Amino acid sequence: TFYIFTVVNRSSKTFKPKKNIPEGSHQYELLKHAEATLGSGNLRMAVMLPDGEDLNEWVAVNTVDFFNQINMLYGTITDFCTEESCPLMSAGPKYEYHWADGTNIKKPIKCSAPKYIDYLMTWVQDQLDDETLFPAKIGVPFPKNFMSVAKTILKRLFRVYAHIYHQHFDSVIQLQEEAHLNTSFKHFIFFVQEFNLIDRKELAPLQELIEKLTSKDR
């Protein structure tokens, strides 16, 4: 029984607390719609803006969902992503990321991957919790800069996928999480492609994988 407990515990471990969308809200309905269409297996259709819905709200709901997914995926490999194993935040030998958030840390700093991802996920969490950026109440408008904030969030979340794929894919396979990771990433890529949310040059570290995952669904 102890063994079962540790397995269950491990799979439900998240890196940061899960961000919940309030039940009964319109955004919750949208999330349920997204989950239902994902179940159909057609990811290209699943990411499309549902008829009559607001693009900002659709992007907001999905951004929260991707944060939760990445949070869970990274949570499964934190034991392998350490100061020793990953002294730099990288995605293969060609790409290295330095952290700056424009407020607390203005000048980009070199740091280990776990530190960078901690900074990144904390920063994303702060944006998602900010009611002026991500209004949860019906009728409260999204700010004019919402799309540019969402693009920055998604660009940074992509870097966590890139780091996991390049530096920790062996661990992902060992944990039998690769199908989960691939499905999550494919959904993410289809979503950002549908609404043109991340510059192509930012996606370069996983370009080959992106082509492989998306070529079957063109």
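Predicted model only: the values in this text are computed from it and were never measured.

Overview of the UniProt feature "binding site: Zn(2+)" (unreviewed entry) in the protein chain
- If you check UniProt for "binding site: Zn(2+)" (unreviewed entry), the listed places come out as C81, C86, H163 and H168 in our numbering. In terms of the greatest pairwise C-alpha distance, the residues named above, spread along 88 residues, form a tight cluster of at most 9.9 Å across.
- With respect to the helices and strands, C81 occurs in the loop between α4 (55-77) and α5 (113-129).
- Mapping H163 onto the fold places it in helix α6 (residues 146-174).

Quick notes on the confidence of the model for the protein chain
- Within the protein chain, residue pLDDT values average 87, and 90% of them lie at 70 or more.
- Looking across the protein chain, the model is least confident in helix α1 (residues 2-11), with a mean pLDDT of 35, and most confident in α6, with 96.
- Residue range residues 1-12 is modelled with pLDDT below 50. Its contacts to residues more than four positions away, or to other chains, number 5 contacts.

Let's talk about the nonpolar core
- Among the nonpolar cores identified, the biggest contains 65 residues, and L157, F158, Y161, F185, F188 and L206 are the most heavily contacted of them.
- Taken together, the elements giving at least two residues each to this core come down to α2 (26-38), α4, α5, α6, α7 (178-194) and α8 (207-215).
- Looking at this core element by element, the count peaks at 13 residues for α6.
- Discounting chain neighbours no more than four positions away, the residues touching F188 are F66, L154, L157, F158, Y161 and I198.

Quick notes on α4
- Along its 23 residues, α4 runs 33 Å from first to last C-alpha, staying within 8% of the 33 Å computed at 1.5 Å per residue.
- The buried fraction of α4 amounts to 20 of the 23 residues, a majority that puts the element mostly inside the structure.

What counts as what
- Residues numbered from 1 in each chain as written.
- Predicted model: local features only at pLDDT ≥ 70, side-chain atom pairs only at ≥ 80, totals over all residues.
- Heavy atoms only, no water.
- UniProt positions renumbered as here; feature names shortened; annotations may be inferred.
- Helix = DSSP H or I, 4+ residues; strand = E, 2+ residues; numbered from the N terminus.
- pLDDT = per-residue confidence, 0-100.
- Contact = heavy atoms within 4.5 Å.
- Core = buried A, V, L, I, M, F, W, Y, C linked by side-chain atoms within 4.5 Å.
- Buried < 20%, exposed > 50% of the residue type's maximum accessible area, 1.4 Å probe, protein only.
- Expected span 1.5 Å × (residues − 1).

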